[in-house]
Amino acid sequence: SIIASLPVSVNGIGIKEWAYYTLFGFLGVGIETAITVALINRFIQMFVSFLAVPGFIRSSLKKQAV
């Protein structure tokens, strides 16, 4: 997760996408499918993070009030 968060890219493809491409390449899956899975995974992570923001803000406000 830490390596995937680094703003480093290899030939315009992010580290996480590259890792998916490499892993799925060993399994015989096509590059398009591997990149699609990586991008869907990123969108799911972003969606879950956005859902958690209101709860985080609420708990932060409660801690400041105490």
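Look above for the structure.
Note that this is a predicted model, so its numbers are computed, not measured.

Engineer: Which residues make up the packing of aromatic side chains, and what are the values?
Structural biologist: Scanning the entire structure with this criterion turns up one aromatic pair. Taken together, a centroid distance of 5.9 Å and an interplanar angle of 40° make the contact between Tyr20 and Phe24 tilted. You can see Tyr20 and its partner Phe24 sitting in helix 2 (residues 15–26), four residues apart, about one turn around the helix. The buried category is assigned to Tyr20, whose relative accessible area is 18%.

Engineer: Help me get a handle on the packing of helix 2 against helix 3 (residues 31–65), residues and values and all.
Structural biologist: In the contact formed by helix 2 and helix 3, the axes pass within 8 Å of each other and the chain directions differ by 135°. For the element pair helix 2 / helix 3, the angle class is oblique. In terms of crossing hand, the pair formed by helix 2 and helix 3 is right-handed. Residue-level inspection shows Lys16, Glu17, Tyr20, Tyr21 and Phe24 of helix 2 in contact with helix 3, the latter providing Ile31, Ala34, Ile35, Val37, Ala38, Leu39, Asn41, Arg42 and Gln45. Of the residues in the contact of helix 2 with helix 3, the class split is nine nonpolar, two polar and three charged.

Definitions and cut-offs
Residues numbered from 1 in each chain as written. Predicted model: local features only at pLDDT ≥ 70, side-chain atom pairs only at ≥ 80, totals over all residues. Heavy atoms only, no water. Phe/Tyr/Trp six-rings, centres within 6.5 Å; stacked < 30°, edge-to-face > 60°. Helix = DSSP H or I, 4+ residues; strand = E, 2+ residues; numbered from the N terminus. Buried < 20%, exposed > 50% of the residue type's maximum accessible area, 1.4 Å probe, protein only. Axes fitted to C-alpha atoms, helices over the stretch in contact; angles between N-to-C directions. Parallel < 35°, antiparallel > 145°, perpendicular 65-115°, else oblique. Left-handed = near helix turned anticlockwise from the far one by under 90°. Contact = heavy atoms within 4.5 Å. Nonpolar A, V, L, I, M, F, W, Y, C, P; charged D, E, K, R; others polar.

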